[in-house]
Amino acid sequence: MPDVSAHAPSAEDPTALAPLARYTTLALGGPADRLVTASTADELTEAVRDAGRRGERILLLSGGSNVVIGDDGFPGTVILVRSTGFQVIAEEPAAVGHPATVTIRVEAGEPWDDLVAATVAAGWSGVECLSGIPGAAGATPIQNVGAYGQEIAETVQAVHVHDRLTDERYALPAADCRFAYRDSLFKRNDRYLVLAVDFRLARSELSTPVRYAELARSLGVAVGDRVPLADARAAVLRLRAGKGMVLDATDPDTRSVGSFFTNPVLDAAAARRFHARVAVAGTGEPATWPVAGGDAVKVSAAWLIDKAGYGKGYPDGDAPVAISSKHTLALTHRGGGSTAALLDLAGTIRDGVRDRFGVALHPEPVLVNCSFD
Ligand SMILES: Cc1cc2nc3c(=O)[nH]c(=O)nc-3n(C[C@H](O)[C@H](O)[C@H](O)COP(=O)(O)OP(=O)(O)OC[C@H]3O[C@@H](n4cnc5c(N)ncnc54)[C@H](O)[C@@H]3O)c2cc1C
């Protein structure tokens, strides 16, 4: 890792006043006051310190795939995280009951899916089901990225941060990161700049046991089976492409933040009330999953949205912002739209679900200089 005491200058981008839309997967968002590109951990740290000294607000932007930025843009400095690369920092031999492992340190701006592809090619198991998720490695701890039965909390060993409160750099062990469903210590918290992430992966040509029923079906195996890493990756990419959940410039559904809402988690009492409302609504059995370690249940936000009357493609094919034609949970920008219009649609859906089922939907992406309250 580079020594952060060496202060490398950050490159200031003359296109600062261009819309941030060009850096977000939604292709939405107004301009920033200042835009800085940081290509190393040192530059990132120095860019954050420099903006702090100037008294400016800071927005860290990596792949821009989990942010909704307001039409007025961002009144402060946007720092584009572009530090790349990874290296093996530790290897452990197999022991009784434990496979051999490799620990890699990944720079924050390393494109996530390139990293996953490299781990699969190297025979390192643990993140293969997270194939195809856009964005950078350093952003994966922010919301404990997860898909198809894996989440990064299972493989992260430590997150290397610059603490803006104390102006120190240190490593937070995974146990201190408060990883939870699409959440962590870092989400909606400006204190920490993620510089690098350590992942510990098993040396294995086989995936971790397949936990997600749809993935198991697609692979023709039973839940709990293991498959070659490359097969797991290919199946996940295929499933994701079918739902418009990979970036693909040729797909009109591609401009999104992935899932716009998290799946609501209901405690036992709320779940009883919900089931009573479902019975009255006559909408059939809801898609739910038990939550480990309690009697709470997670309800499919896609099911709630669909059954509240907002199906795929809502409101219609010509609308500048609409629900994806492939996935009820993704709100897409079809072109010529605005953040205000997107949040208006999100608000309509949230209110419709609440009125029909009494359940509150919460946005998964980070809203920057905008809201839909
Ligand atoms: C098509 C599509 C599919 C998706 N599928 C999934 C999925 O299956 N599972 C899932 O969990 N997510 C999914 N997402 C959401 C998103 O890709 C992930 O959350 C991803 O990790 C965000 O990375 P990013 O680099 O784009 O972050 P950004 O959008 O740039 O940033 C997100 C947040 O993290 C902060 N941040 C970014 N970098 C740093 C840093 N170095 N230090 C501190 N803070 C930082 C930003 O300030 C912001 O608050 C999907 C998105 C899209 C568009």
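Residues numbered from 1 in each chain as written. Predicted model: local features only at pLDDT ≥ 70, side-chain atom pairs only at ≥ 80, totals over all residues. Heavy atoms only, no water.

A. Structural view of the overall build of the chain. In terms of regular secondary structure, the chain is built from seven helices and 19 strands. Computed over its C-alpha atoms, the radius of gyration of the chain comes to 21 Å, within 12% of the 21 Å expected for a compact globule of 373 residues. Seen along its three principal axes, the alpha-carbon backbone of the chain occupies a region of about 65 × 55 × 40 Å. Looking at the chain as a whole, 52% of its 373 residues are labelled buried. (Helix = DSSP H or I, 4+ residues; strand = E, 2+ residues; numbered from the N terminus. Rg over C-alpha atoms; globule rule 2.2 N^0.38 Å. Buried < 20%, exposed > 50% of the residue type's maximum accessible area, 1.4 Å probe, protein only.)

B. How the structure looks around the nonpolar core. Within the largest apolar cluster, 41 residues are counted, with the highest numbers of intra-cluster contacts made by Ile104, Trp112, Val156, Val159, Phe186, Phe199 and Leu215. For this core, the secondary-structure elements that each account for two or more residues are β7 (101-107), α2 (112-122), β11 (156-163), β13 (192-203), α3 (213-219) and α4 (229-242). Apart from residues lying up to four places away in sequence, Ile104 is in contact with Phe86, Gln87, Val88, Ile89, Leu115, Thr119, Trp124, Val197, Asp198, Phe199 and Leu201. Counting residues in hydrophobic clusters, the runner-up holds 34 residues, among them Ala271, Val299, Ala301 and Leu345. (Core = buried A, V, L, I, M, F, W, Y, C linked by side-chain atoms within 4.5 Å. Contact = heavy atoms within 4.5 Å.)

C. Molecular detail of the sheet that holds strand β15 (residues 288-290). The three strands are arranged β14-β16-β15 in an open sheet whose pairing can be described as antiparallel. Each edge of the open sheet is held by one strand with a lone partner, namely β14 (265-266) and β15. For β15 and strand β16 (residues 297-299), the ladder comprises three bridges, and the chain directions are antiparallel. Residue Trp289 lies in a different strand from β16, and its bridge partner there is Lys298. (Pairing = 2+ DSSP bridges.)

D. Layout of helix α1 (residues 41-53). Taking 1.5 Å per residue, 13 residues should reach 18 Å; α1 reaches 18 Å between its end C-alpha atoms and fits that length. Burial analysis of α1 places 10 of its 13 residues in the buried class, which makes it a mostly covered element. Here α1 has its buried residues at Ala41, Asp42, Glu43, Leu44, Thr45, Glu46, Ala47, Val48, Arg49 and Ala51. A positive backbone phi angle near 75° is found at Gly55, which sits one or two residues after α1. (Expected span 1.5 Å × (residues − 1).)

E. How the structure looks around helix α5 (residues 268-281). The terminal C-alpha atoms of α5, which comprises 14 residues, lie 20 Å apart, in line with the 20 Å expected from a rise of 1.5 Å per residue. Of all the positions in α5, only Ala270, Ala271, Phe274 and Val278 are classed as buried. Projected onto a plane normal to the axis of α5, the buried residues spread over an arc of 95° and lie on a single side. Of the residues in α5, the exposed ones pointing more than 90 degrees away from the buried face are Arg272, Arg273, Ala279 and Val280. Positive backbone phi, at 65°, marks Gly282, one or two positions downstream of α5. (Arc of directions from axis to C-beta.)

F. Representation of the site of the ligand. Taken together, 32 residues lie near the ligand, and Leu60, Ser62, Gly63, Ser65 and Arg240 sit nearest. Between Ser62 and the ligand, the recorded distance is 2.7 Å, taken from a side-chain N or O atom to a nitrogen atom. Gly63 places a polar main-chain atom, nitrogen or oxygen, 2.8 Å from an oxygen atom of the ligand. Its free accessible area being 980 Å², the ligand has 94% of it covered by the protein chains. Sorting the residues of the shell around the ligand by element identifies β3 (58-61), β9 (146-147) and β13 as the ones contributing at least two each. Residues of the shell around the ligand, tallied by class, amount to 18 nonpolar, 11 polar and three charged. (Near = heavy atom within 4 Å. Polar contact = N/O pair within 3.5 Å; in protein donor to acceptor, adjacent residues only side chain to side chain. Areas by Shrake-Rupley, 256 points an atom, 1.4 Å probe, with all protein chains shown as cover. Nonpolar A, V, L, I, M, F, W, Y, C, P; charged D, E, K, R; others polar.)

G. Highlighting the layout of surface pockets. Roughly 350 Å³ of internal volume is contained in the second largest pocket. What lines the second largest pocket is a set of 18 residues, among which Pro99, Thr101, Arg200, Leu201 and Ala202 lie closest to the centre. Sort the elements by how many residues they give to the lining of the second largest pocket and β13 lands first, with three residues. (1 Å grid on protein atoms, 1.4 Å probe; cavity = no way out; pocket = protein on both sides within 12 Å on 5 of 7 lines; lining within 4 Å. Points joined across faces, edges and corners; volume = space filled by probe spheres on them.)

H. Seen up close, the packing of α5 against helix α7 (residues 339-357). It is at 9 Å that the axes of α5 and α7 come closest, and there the two elements cross at 90°. Judged by the angle between their axes, α5 and α7 are roughly perpendicular. Two secondary-structure elements touch here, α5 through Phe274, Arg277, Val278 and Ala281 and α7 through Arg354, Asp355, Arg356 and Phe357. Its residues assigned to classes, the contact of α5 with α7 comprises four nonpolar, no polar and four charged. (Axes fitted to C-alpha atoms, helices over the stretch in contact; angles between N-to-C directions. Parallel < 35°, antiparallel > 145°, perpendicular 65-115°, else oblique.)

I. Quick peek at the environment of Asp183. Checked against the element boundaries, Asp183 lands in the loop between β12 (168-173) and β13. Once the C-alpha coordinates of Asp183 and Glu364 are considered, the two residues, 181 residues apart in sequence, prove to be 9.1 Å apart. For Asp183, the contacting residues outside a window of four places in its chain are Ile142, Gln143, Asn144 and Arg178.

Geometric values such as these leave the question of function open.
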